[in-house]
Amino acid sequence: MKNTKKCPKCQSSDIVKIKGECGPYGRGNNIAISGRTPVLVNRYLCCSCGFSEEWINQGDIKNFVEGKNGFDRYSKEFHDDQPTTHPMSYIILKITAVMVIAFIISLLLMWLLIYLKR
Ligand SMILES: [Zn+2]
């Protein structure tokens, strides 16, 4: 639709472009890349039948090169039903967050105990 200005499903030319954006907390149509600026994804919607397609700007495609930023080539050898695995950095981040929260809670409890003893 981006190139033909026509819907491939119903041939309508009643198409709107929904620009990719990245608002607070990653809101909007984008792809988050760890430690980098999110890549914006533009969406083209057929207002006649509801079909939509998504496009990434040519200059942003380099972010998705095989092996870079954790992206795998989607090919015949690729099995889509593999369970989701998180990178080690994600797991470490989660553990750190839990430890920080536990530390804050223990500080609050200690403060409460000291406060009550008075
Ligand atoms: Zn359509």
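All values derive from a computational prediction rather than experimental measurement.

(A) Examining the overall build of the protein more closely. Within the protein, the secondary structure is distributed over one helix and four strands. Taken from N to C terminus, the helices and strands of the protein fall in the order β-β-β-β-α. Against the compact-globule benchmark of 13 Å for 118 residues, the protein has a radius of gyration of 23 Å, which places it well outside the compact range. When its C-alpha atoms are laid out on the principal axes, the protein stretches across 75 × 35 × 30 Å. At a minimum sequence separation of 6, the contacts of the protein that also span at least 24 residues come to 42%.

(B) Just the environment of Tyr44, in detail. Take Tyr44: it is sitting in strand 3 (residues 39-46). A C-alpha to C-alpha distance of 43 Å links Tyr44 and Val100, two positions 56 residues apart in sequence. Sequence-distant contacts of Tyr44, that is, excluding residues within four places in its chain, are made with Met1, Lys2, Ile15, Lys17, Ser52 and Glu53.

(C) Main features of helix 1 (residues 88-117). With 30 residues, helix 1 extends 43 Å between its outermost C-alpha atoms, agreeing within 8% with the 44 Å of an ideal straight helix rising 1.5 Å per residue. Little of helix 1 is tucked away: zero of the 30 residues are buried.

(D) Up close: the pairing of strand 4 (residues 52-56). Here strand 3 pairs with strand 4 via five bridges, running antiparallel. For Leu45, the partnering residue across the bridge sits in strand 4 and is Ser52.

(E) The environment of Ile114, seen in detail. With respect to the secondary-structure elements, Ile114 resides in helix 1. When the 9 C-beta atoms within 10 Å are taken as the criterion, Ile114 is described as exposed. Sequence separation between Ile114 and Asn63 is 51 residues; the distance between their C-alpha atoms is 53 Å.

(F) Representation of unusual backbone geometry in the model. One non-glycine residue with positive phi stands out, namely Gln11, at about 70°. Following the sequence through the fold, Gln11 ends up in the segment before strand 1 (15-18). Phi angles above zero are rare outside glycine, and Tyr25 is one such case at about 60°. Position of Tyr25 relative to the elements: it lies in the loop between strand 1 and strand 2 (30-31). Looking at Tyr25, the number of C-beta atoms within 10 Å reads 6, which means it is exposed.

The rules behind these values
- Residues numbered from 1 in each chain as written.
- Predicted model: local features only at pLDDT ≥ 70, side-chain atom pairs only at ≥ 80, totals over all residues.
- Helix = DSSP H or I, 4+ residues; strand = E, 2+ residues; numbered from the N terminus.
- Rg over C-alpha atoms; globule rule 2.2 N^0.38 Å.
- Contact = placed C-beta atoms within 7 Å.
- Expected span 1.5 Å × (residues − 1).
- Buried ≥ 20, exposed ≤ 12 C-beta atoms within 10 Å, placed from the backbone.
- Pairing = 2+ DSSP bridges.

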